[in-house]
Amino acid sequence: MKISLSAFLFCLLSFAAFAQPDRWQQAVKYEMEVDMDVQKNQYTGTQKLSYTNNSPDTLDRLFYHLYYNAFQPNSMMDVRSRTIADPDRRVGDRINNLKSDEIGYLKVNSLTLDGKALDYEHVGTILEVNLSEPILPNSTVTLDMKFEGQVPLQIRRAGRDNEEGVRYSMSQWYPKLANYDYQGWHANPYIGREFYGNWGDFDVKITIDKSYVLGGTGYVQNPNQVGHGYEEEGQKVKSPRGKTLTWHFHAPKVHDFMWAADPNYTHDKIEMDNGVTVHHLYIKNEETEENWSKLKEYTPAAIEFMSEHFGEYPYKQYSVIQGGDGGMEYPMSTLITGHRSLGSLVGVMIHELAHSWFHGVLASNEALHPWMDEGFTSYASNLAMNELFAETPSDDPQRGSYRGYFRLVQSGLEEPLSTHADHYHINAAYGAASYNKGAVFLEQLGYIIGKENRDQGMLKYWDTWQFKHPNPNDVIRVMEKQSGLELDWYKEYWVYTTKTIDYAVNSVDDYNGGKSKITLERKGKMPMPIDLVITYQDGSEELVYLPLVIMRGEKPEEEGMPTRIKTQRWPWTNPTIEVTIDRPKSDIKSVEIDPSGRMADVDRENNRLEL
Ligand SMILES: [Zn+2]
């Protein structure tokens, strides 16, 4: 093939522009076989884990999560749930009251590395493993394990017999290797929230009573054997003899594997034009029938909306499954409770589906940066819900997130977004920060760099960081490259502090014969660029733009905003600034800072001066 030098250089350059960041990560390949006893709610399993150490470090320890051990009296989750000032009502003191056949447990009965037995200790929800021979950089080892578990009565997320009667919500159910990354091990005990895992392939065989219908993370590999609506069109189901059935799932490029099972699931299958198959699994009764059948329209529409605005959904399957205790996201799937109004059902589905982008594929370390998952997911699902469900779409779909953030500020209980998810002092501060202040991060970013840059930036973020666990700096760098602006100050203030924004219009005065002088003041501790809109007596409007000096540039003019007549840089050190306008004070009707309301100004009363 002939190729000109300039075309060759162009290829090189465009490759460089879209080059993936070079951050190593560990690789896993799980093969698991489990046997579920539906009488005892106990299971036994084997796990063959191929683990590749791509780090530059020699590993002499390993850690596995054993999440189900949290559901035992006096576990860290139990004590935390009973002693926190504002307990999660789903947990409260329920763990402390579990009987022996209601607790959860996950025990490792044997573990070998390349055939040699390993030394290990169960420490609550973590298995600590000491390696006699270390795992060297750039090497792959095989870890073989036998384990057994008991499914806890459903308390939080996972468990059996939830309040809507779903038998098994099997999330966090297997010994899962903790993640080791450029920040070291992340062997967080299971206290209550947020997850982080290694990317890899899961091959899972589940043997269970034949009457059960399963769904979850992976693609069913033996559809014509398991049937229950998974069989290929026109194929006769060839169910093996005996009381049990083995379901074979395969999930490539995921960081977790969830499954759910109930003998009474109804299974709806929807084929989308883009090749994605949507599965809905729910127990059909008068509380679910009507709304879950309407969901068939909304789930595919939501996948399309998210793919258009946040990046193409990379899997060929998504399953919405009734189970759990509210809504919880898993790779390629979600568990949601099903007895809901249509609005609530669609809302929770859209929220959990939107997690597929931020939890499922970008997969930031949620323990350290919960706002990059919950906040971005809330932002995206607010947009999707507004577009797909609202009868009259709002022009301000993030309003609820701003309100939540302002309430948090007023409560005096705010902690910085950089707080580890488990270590927020109270649940409410975690929730309002991660969900609301996290969503405001993106909407307000649109104010700082312009909506168009923010939207393009989100697609670039997806292209650059999918399957790579981005951190706060990574998202800021993408937005800096997209906008050409320096944004480190935004991350530093918004993420690492609880400093708030408050700007005021102090005065408008006649100035120098025929001109006027507007004085603005930064009252809050956090600096921001200012859109100042001047409305004249004749009803016309003009915009004065005051970017921060430290931004080293300007956002482009935004659609729908008045004409920008002047740009004046504001040094953040200066508490006040004077803006002169070439028209007399008598021409001016009002002056307002950020009429769009996208800047999270905690006191908007002083943003507008009426003359
Ligand atoms: Zn969420």
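Conventions and cut-offs
Residues numbered from 1 in each chain as written. Predicted model: local features only at pLDDT ≥ 70, side-chain atom pairs only at ≥ 80, totals over all residues. Heavy atoms only, no water. 1 Å grid on protein atoms, 1.4 Å probe; cavity = no way out; pocket = protein on both sides within 12 Å on 5 of 7 lines; lining within 4 Å. Points joined across faces, edges and corners; volume = space filled by probe spheres on them. Nonpolar A, V, L, I, M, F, W, Y, C, P; charged D, E, K, R; others polar. Patch = residues over 30% accessible without salt bridge, like charges linked within 9 Å, V, L, I, M, F, W, Y side chains within 5 Å. Areas by Shrake-Rupley, 256 points an atom, 1.4 Å probe, with all protein chains shown as cover. Salt bridge = Lys/Arg side-chain N within 4 Å of Asp/Glu carboxyl O. Lys, Arg positive; Asp, Glu negative; His and termini not counted. Charge placed at Lys NZ, Arg CZ, Asp CG, Glu CD. Helix = DSSP H or I, 4+ residues; strand = E, 2+ residues; numbered from the N terminus. Buried < 20%, exposed > 50% of the residue type's maximum accessible area, 1.4 Å probe, protein only. Polar contact = N/O pair within 3.5 Å; in protein donor to acceptor, adjacent residues only side chain to side chain. Contact = heavy atoms within 4.5 Å. Expected span 1.5 Å × (residues − 1).

A. Quick peek at empty space enclosed by the protein. Overall, the coordinates contain three cavities of 30 Å³ or more when judged by the stated rule. Put simply, the largest cavity is a space of about 110 Å³. In terms of lining, the largest cavity is formed by 14 residues, of which the most central are His 65, Tyr 67, Asn 188, Glu 194 and Phe 195. Considered class by class, the residues forming the lining of the largest cavity number seven nonpolar, four polar and three charged. Its volume calculated, the second largest cavity comes out at about 80 Å³. Around the second largest cavity sit Arg 23, Trp 24, Gln 25, Asp 181, Tyr 182, Tyr 196, Trp 465, Lys 468 and His 469, which together line it. In terms of residue class, the lining of the second largest cavity is made up of four nonpolar, two polar and three charged.

B. Up close: a negative patch on the surface. Together, Asp 273, Glu 304, Glu 308 and Glu 387 line one region of the surface with negative charge. The residue Glu 387 is located in helix H6 (residues 370–388) in this model.

C. A look at the layout of surface pockets. Of the pockets and cavities examined, the largest pocket occupies roughly 1,100 Å³. Put simply, the parts of the chain that give the lining of the largest pocket at least two residues each are helix H4 (289–310), H6, helix H7 (399–411), helix H8 (427–449) and helix H9 (451–465). By residue number, the principal contributor to the lining of the largest pocket is H9, which donates eight residues. Grouping the amino acids of the lining of the largest pocket by side-chain chemistry returns 16 nonpolar, nine polar and 18 charged. There is about 810 Å³ of room inside the second largest pocket. Lining the second largest pocket we find 37 residues, and of these Asp 88, Arg 90, Arg 156, Tyr 430 and Tyr 435 sit closest to its centre. Among the elements of the structure, helix H2 (76–83), strand E22 (327–330), helix H5 (342–362), H6 and H8 are those that each provide at least two residues to the lining of the second largest pocket. With six residues, the single largest contributor to the lining of the second largest pocket is H5. Across the lining of the second largest pocket, the residue classes break down as 10 nonpolar, 12 polar and 15 charged.

D. Expanded view of the side chain of Asp 601. Tracing the backbone shows Asp 601 in the loop between strand E30 (588–593) and strand E31 (608–610). An unpaired buried charge is present at Asp 601: no salt bridge exists, and Arg 604, the closest side chain of opposite charge, is 5.6 Å distant. Here the side chain of Asp 601 touches Asn 607 through a polar contact of 3.2 Å, side chain to side chain. Sequence-distant contacts of Asp 601, defined by excluding residues within four places in its chain, comprise Phe 406, Ile 501, Asp 502, Tyr 503 and Asn 607.

E. H9, seen in detail. The terminal C-alpha atoms of H9, which comprises 15 residues, lie 21 Å apart, in line with the 21 Å expected from a rise of 1.5 Å per residue. Here H9 has its buried residues at Asn 453, Arg 454, Gly 457, Met 458, Tyr 461, Trp 462 and Trp 465. In this fold, the buried residues of H9 make contact with H4, H5, H6, H8 and helix H10 (472–483). Phe 467 sits one or two residues past H9 and shows a positive phi near 60°.

Nothing here speaks to function; it is all geometry.
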